[in-house]
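Take a look at the letters that make up each chain.
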Amino acid sequence: MPKYVYDFTEGNKDLRDLLGGKGANLAEMTNLGLPVPPGFTITAEACRRYLSDGGFPEGLAEEVETHLAAMEKGMGKRLGDAGDPLLVSVRSGAKYSMPGMMETVLNIGLNDESVQGLAKQAGDERFAWDSYRRLIQMFGKTVLGIDGDLFENGIDEAKRHKGVDSDLDLEAADFQGLVETYKGIVRDQTGNDFPSEPREQMRLAVEAVFESWNAPRAIIYRRQERIPAGLGTAVNIVAMVFGNLGMESGTGVAFTRDPGSGQQGLYGDYLQNAQGEDVVAGIRNTVPLQDLAKIDPQSYHRLLDIMKTLENHYRDLCDIEFTIERGKLWMLQTRVGKRTAAAAFRIATQLVDQGLIDLDEAVTRVTGDQLAQLMFPRFDSRADRKTITKGMNASPGAAVGKVVFSSEKAKEMSEGGEDVILVRRETTADDLVGMIAARGVLTSRGGKTSHAAVVARGMGKTCVCGAEELEVDAQGRRFTGPGGLVVEEGDVISIDGTTGEVYLGEVPVVASPVVEYFEGTGGSGDELVQAVHRVMSHADQSRRMAVRANADNPEDAARARRFGAQGIGLCRTEHMFLGDRRQLVEDLILAGSKEERRAALDALEPLQKSDFVGILEAMDGLPVTIRLIDPPLHEFLPDLTALSVKLALAGDDSTPRDRKLLDAVKRLHEQNPMLGLRGVRLGLVIPGLFGMQVRAIAEAVAERRAAGGDPRAEIMIPLVSAVQELEGVRDEAERILSEVGVEALIGTMIEVPRAALTAGQIAEAAQFFSFGTNDLTQMTWGFSRDDVEAAFFSRYLDLGIFGVSPFETIDRSGVGRLMSIAVEEGRATRPDIKLGICGEHGGDPDSVRFCHEIGLDYVSCSPFRVPVARLEAGRAALACADSETR
């Protein structure tokens with residue numbers, strides 16, 4: 001029978017898969033001799049069994065009882081005893097941090113008898129009854145599923161009745177009355193009394209934590225953070241220590257460095273006479289952690305020592321939760337802290353300078369997504385602006401949008417294409433949908449460690465917290481600022497998560513210094529830019545794969561090169577046929593004879609050549625993969641309905657050309673054009689079309705060489721399914737290249753499943769493969785991307801059919817398997833074949849790593865994503881090297 005329960009003395013930080021992050025780290029701190037309350041962890045495996053079997057797995061209840069009895073014996077107390085009760089907390093703790101997404105219940109063990117014993121032992125009736133009402137409130141909401149507002153309304157009414165504004169002004173009798181009010185709420189909402197038996201309370205709380213793994217907000221968060229759905233959560237049962245035992249007690253959250261900027265120093269929040277949930281919820285505004293030096297100097301200096309110990313031990317920024325119980329410091333949690341993108345790069349290089357990590361590890365400590373966040377614009381400091389207020393700079397960035405006051409409205413307006421700012425007094429886990437939908441988050445309460453701040457930083461979302469001058473009226477859908485300023489729902493505001501400032505209206509944005517650095521136009525003196533430079537330089541030295549760009553014009557090609565692209569992996573020639581040139585394509589389609597077709601092609605050729613000359617010049621000395629025309633010809637013709645209406649309105653005055661166009665549109669109409677006459681099929685069916693393009697490429701190469709350049713064109717044939725298709729086009733292309741007197745590699749896109757499965761044959765005629773993963777994904781899954789994403793993808797994500805859209809990240813099991821087959825068979829036939837990817841996946845971090853693992857030579861992505869791909873290619877190389885050495 002598997003072991004389901006581990007005492008804190010039995011675990012360590014490397015058992016996160018089994019004990020979850022919280023349990024593993026509590027065990028690690030226990031091993032380090034730090035002051036951790038006694039406790040034990042129920043494993044994530046027990047959770048998985050519970051969720052699959054519908055109840056506790058065999059033996060779990062007995063193991064829990066054994067460990068609880070050992071805890072009782074060690075502390076000399078019994079759970080919920082009427083004389084001197086042991087109380088425990090029941091806390092979730094998954095492998096990956098999911099702040100606020102799952103359940104926690106404090107003060108388990110209190111009932112009408114044990115509350116008297118707690119009051120006597122503590123010498124504080126107010127504390128005891130406050131703890132009891134907290135239990136009923138948390139238990140009622142998280143375990144019994146009662147609307148939390150009912151409890152909040154109860155305490156608000158108690159404060160109104162007493163004529164006070166703060167919980168701190170309520171006395172023991174007030175809390176005793178609240179207990180009765182809360183028990184009445186439980187009875188009214190569930191039809192049952194609040195469970196008073198301590199072990200039943202604990203069992204029900206454990207079940208609630210298990211079940212919270214599949215709560216809607218947890219599912220949404222996992223989807224957002226790409227956390228696997230099958231992990232489950234561990235449960236930690238910990239002896240209670242109390243921060244609400246008077247003003248000499250308190251609770252706080254600390255960071256060993258600023259999670260917003262990465263600057264070294266003391267950062268965090270502290271709240272006297274409170275329990276931990278009060279800090280995270282942001283219900284009461286905290287004081288800076290530095291104030292603890294005056295409030296409790298001894299605990300403050302002990303905390304500093306522990307923070308230093310933990311950062312050196314974990315070799316990273318640590319996020320710490322602690323409680324002080326009448327002058328005694330207790331550590332309740334530590335974890336490697338979430339941080340902003342800027343902080344990630346700064347901290348990584350700081351730790352290198354301190355000798356705690358090397359540059360290899362520094363590269364693996366940052367991500368491509370974080371680099372992309374740093375490339376977003378910032379507010380223009382020179383622009384006129386009207387400041388509303390200033391709060392805490394909880395998560396940096398510049399966000400502009402219409403004010404909304406609910407998650408539902410944020411989601412609705414965002415899906416309608418509008419940018420929104422979610423404004424709340426404080427956020428809870430139930431606001432996650434709105435936080436994802438919004439451009440930024442603004443709260444009037446809470447600090448840098450509140451729910452809004454922690455979640456926003458984790459998502460890279462701009463956030464300003466604790467803007468105390470704002471009076472947020474969510475019901476009235478407005479907030480009031482200094483001077484009586486009223487901002488209604490739908491009004492536009494701008495928030496600066498770097499400074500904490502909030503502005504009325506839209507403030508213009510400018511390029512970030514990181515983009516200026518990549519562009520070579522500035523930013524080199526910026527401290528953050530210097531950190532980015534160090535990381536990127538080492539990533540470039542470490543990576544095996546080259547990074548190219550998808551670019552269709554000289555301007556994009558030049559920008560991609562400035563961003564570090566090592567060539568063009570996809571130049572789409574069809575984009576060159578749009579605009580004023582569309583009529584020339586129409587002439588080709590309408591051609592009624594060989595002579596008319598030849599004339600149309602002759603008119604297009606010099607224009608194509610000019611395009612290629614410009615791109616080859618921008619990428620001189622680097623490979624440029626030019627894809628011959630791919631989409632079906634109907635895309636270059638007018639819409640059938642629009643053209644029909646035009647002819648109907650013109651009547652007898654309609655032009656012969658319009659009538660011929662209508663005939664052509666009808667003739668070329670296909671039920672499923674993406675699987676019809678396109679790609680290589682066009683080149684084989686329409687004589688001279690591909691030949692014209694190849695000649696334009698060859699002449700462009702010749703012109704660049706004559707000018708002293710080093711053009712390196714590669715000709716890519718799209719949508720090949722059989723080697724015979726490629727051979728037919730290749731023979732014509734080689735003849736034209738020979739006539740012009742130049743050379744170019746000839747290869748194909750692998751975007752049809754049959755091409756991947758017959759790659760060994762196709763490699764006989766191809767000098768390179770480039771995986772077109774957009775179409776390969778569509779054809780492998782049988783999806784029409786434009787139709788299915790809006791129709792049912794959200795449902796598929798909810799059901800866990802896939803954890804992330806296969807159009808965002810390569811589906812390793814299906815599409816990835818086809819790619820692996822093509823790589824293996826292609827190289828078996830032609831060992832020196834060049835292999836790359838040019839679909840949108842080329843800029844996706846997870847997909848870049850997969851491409852490294854299967855041995856591709858390069859990835860290609862949009863110019864703006866080139867730095868991201870460079871970083872991820874370096875991270876992939878280092879990660880694979882690390883796994884091979886273990």
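What counts and what doesn't
Residues numbered from 1 in each chain as written. Predicted model: local features only at pLDDT ≥ 70, side-chain atom pairs only at ≥ 80, totals over all residues. Heavy atoms only, no water. Helix = DSSP H or I, 4+ residues; strand = E, 2+ residues; numbered from the N terminus. Rg over C-alpha atoms; globule rule 2.2 N^0.38 Å. Buried < 20%, exposed > 50% of the residue type's maximum accessible area, 1.4 Å probe, protein only. Contact = heavy atoms within 4.5 Å. Areas by Shrake-Rupley, 256 points an atom, 1.4 Å probe, with all protein chains shown as cover. Lys, Arg positive; Asp, Glu negative; His and termini not counted. Charge placed at Lys NZ, Arg CZ, Asp CG, Glu CD. Core = buried A, V, L, I, M, F, W, Y, C linked by side-chain atoms within 4.5 Å. Pairing = 2+ DSSP bridges. Axes fitted to C-alpha atoms, helices over the stretch in contact; angles between N-to-C directions. Disulfide = S-S within 2.5 Å. Expected span 1.5 Å × (residues − 1). Left-handed = near helix turned anticlockwise from the far one by under 90°. Nonpolar A, V, L, I, M, F, W, Y, C, P; charged D, E, K, R; others polar. Salt bridge = Lys/Arg side-chain N within 4 Å of Asp/Glu carboxyl O. Bend = angle between axes of the 7 residues up to and from the residue. Phe/Tyr/Trp six-rings, centres within 6.5 Å; stacked < 30°, edge-to-face > 60°. Lys NZ or Arg CZ within 6 Å of the ring centre and 35° of its normal.

As a further point, take the overall build of the chain. A count of helical and extended segments in the chain gives 36 helices and 33 strands. The C-alpha radius of gyration computed for the chain amounts to 32 Å, which stays within 12% of the reference 29 Å derived for 886 residues, consistent with globular compactness. Expressed along its principal axes, the backbone C-alpha trace of the chain runs to roughly 105 × 65 × 55 Å. Expressed as a percentage of its 886 residues, the buried residues of the chain come to 56%. A separation threshold of at least 6 residues defines the contact pool for the chain, and within that pool the share at least 24 residues apart is 69%. Roughly 35600 Å² of accessible area belongs to the chain as shown, and the carbon and sulfur atoms make up 47% of that amount. Looking at charge distribution, the chain has the averaged site of its 99 positive side-chain charges lying 2 Å from that of its 134 negative ones.

Side chains of a nonpolar character, in soluble globular proteins, are inclined to be buried together. Membership of the largest hydrophobic core comes to 130 residues, with the highest contact counts inside it found for Phe345, Met819 and Leu856. Of all hydrophobic cores here, the second largest spans 59 residues; its members include Ala119, Phe127, Ile136 and Met138.

Overall, mixed pairing links the eight strands, which are arranged 14-24-23-16-17-18-19-15 in an open sheet. The open sheet terminates on both sides in strands that have one partner only, identified here as strand 14 (386–390) and strand 15 (392–395). On average, adjacent strands in this sheet sit at an angle of 30° to one another, irrespective of strand direction. One ladder, built from three bridges, connects strand 23 (residues 492–496) with strand 24 (residues 501–504); its direction is antiparallel.

A separate point is the state of the cysteines. Evaluation of the coordinates by the stated rule reveals zero disulfides. Cysteine cysteine 880 shares no disulfide, and the gap to the nearest cysteine sulfur, in cysteine 851, comes to 12 Å. Relative accessible area serves as the criterion here: at 12%, cysteine 880 is assigned to the buried category.

Before going further, it helps to examine the pairing of strand 19 (residues 462–465). In strand 19, alternate side chains face the same way, and those of Thr462 and Val464 on one face and Cys463 and Cys465 on the other are all buried. Pairing between strand 15 and strand 19: three bridges, direction antiparallel. Directly across from methionine 392, in strand 19, lies its bridge partner cysteine 465. Both strand 18 (residues 440–443) and strand 19 contribute to a ladder of three bridges, which runs parallel. Its bridge partner being in strand 19, valine 441 is matched across the sheet by cysteine 463.

The subject of this paragraph is helix 3 (residues 60–75). Look at helix 3: 23 Å from first C-alpha to last across 16 residues, which is about the 22 Å you get at 1.5 Å a residue. Taken as a whole, helix 3 has its buried residues at Leu60, Glu63, Val64, His67, Leu68, Met71 and Glu72. Taken from the residues just after helix 3, glycine 76 is the one with a positive phi, measuring 70°.

Let us look at the packing of helix 4 (residues 114–122) against helix 5 (residues 125–142). Their axes nearest at 8 Å, the elements helix 4 and helix 5 cross at an angle of 145°. Note on packing geometry: the crossing formed by helix 4 with helix 5 is right-handed. On the side of helix 4, the interface is formed by Val115, Gln116, Leu118, Ala119 and Ala122, while helix 5 contributes Glu125, Phe127, Ala128, Trp129, Ser131 and Tyr132. Each residue belonging to the contact of helix 4 with helix 5 can be placed in one class, and the counts come to eight nonpolar, two polar and one charged.

Our next topic: the sheet that holds strand 8 (residues 250–257). Here we have five strands laid out as an open sheet, ordered 10-9-8-11-12, and antiparallel in their pairing. This sheet does not close on itself; its edge strands, each paired only once, are strand 10 (287–288) and strand 12 (328–336). In the sheet, strand 9 (residues 264–272) pairs with strand 10 via two bridges, with the strands oriented antiparallel. The residue bridging aspartate 269 from the neighbouring strand is proline 288, located in strand 10.

Among the secondary structure elements, valine 866 is positioned in helix 36 (residues 866–885). Exposure remark for valine 866: the relative accessible area of 0% places this residue in the buried category.

All right, on to the pairing of strand 18 then. Judged by which residues are buried, strand 18 turns out to be covered on both faces: Gly440 and Leu442 on one side and Val441 and Thr443 on the other are all buried. Strand direction decides the pairing type here: strand 17 (residues 420–424) and strand 18, joined by four bridges, are parallel. Within strand 18, the residue paired with arginine 424 across the bridge is threonine 443.

Turning to the pattern of salt bridges, a few remarks are in order. For the structure shown, the criterion picks out 62 salt bridges. Among the salt bridges present, the one from arginine 133 reaches aspartate 130, with a minimum N-O distance of 2.9 Å. In this pair, arginine 133 and aspartate 130 both sit in helix 5, three residues apart, roughly one turn of the helix. A single burial state applies to arginine 133 and to aspartate 130, both of which are buried. Arginine 678 serves as the salt-bridge partner of aspartate 630, at 2.8 Å between the closest nitrogen and oxygen. Of the two residues, aspartate 630 is situated in the loop between strand 28 (623–627) and helix 24 (640–650) and arginine 678 in the loop between helix 25 (656–668) and helix 26 (680–685); the sequence distance between them amounts to 48 residues. Each member of the pair, aspartate 630 together with arginine 678, is buried. One continuous salt-bridge network, built from bridges that share partners, spans Arg315, Asp316, Arg339, Glu361 and Arg365.

Between the first and last C-alpha of helix 1 (residues 16–31) there are merely 15 Å, a value that for 16 residues lags more than 12% behind the 22 Å anticipated at 1.5 Å per step. The sharpest bend along helix 1 reaches about 75° and sits at lysine 22. Three or more residues of helix 1 are buried, namely Leu19, Gly20, Gly21, Lys22, Gly23, Ala24, Asn25, Leu26, Ala27, Glu28 and Met29. The inward-facing, buried residues of helix 1 abut strand 1 (5–7), strand 2 (39–42), strand 5 (88–94), strand 7 (233–239), helix 12 (297–314) and strand 12. With its phi angle positive at about 80°, glycine 33 sits one or two positions after the end of helix 1.

Inspection of every chain in the model, using the stated rule, returns 18 aromatic pairs. When the centroid spacing of 6.0 Å and the interplanar angle of 90° are considered together, the rings of phenylalanine 379 and tyrosine 503 count as edge-to-face. Remark: tyrosine 503 occurs in strand 24 and phenylalanine 379 occurs in strand 13 (residues 378–379); sequence separation between them is 124 residues. Residue phenylalanine 379 shares its accessibility class with tyrosine 503, and that shared class is buried. Their ring planes at 85° and their centres at 5.5 Å tell us that tryptophan 781 and phenylalanine 802 sit as a pair that is edge-to-face. With tryptophan 781 in helix 31 (residues 773–781) and phenylalanine 802 in the loop between helix 33 (793–799) and helix 34 (815–829), this pair connects stretches of sequence that are 21 residues apart. An aromatic cluster is built from Trp781, Phe783, Phe792, Tyr796 and Phe802, whose rings are joined through pairwise contacts. Lying across the ring of tryptophan 213, arginine 222 places its NZ or CZ 4.1 Å from the centre.

One can find proline 606 in helix 23 (residues 594–618). Assessed through its relative accessible area of 48%, proline 606 is described here as partly exposed. As a C-alpha pair, proline 606 and glutamine 693 span 87 residues in sequence and 9.8 Å in three-dimensional space.

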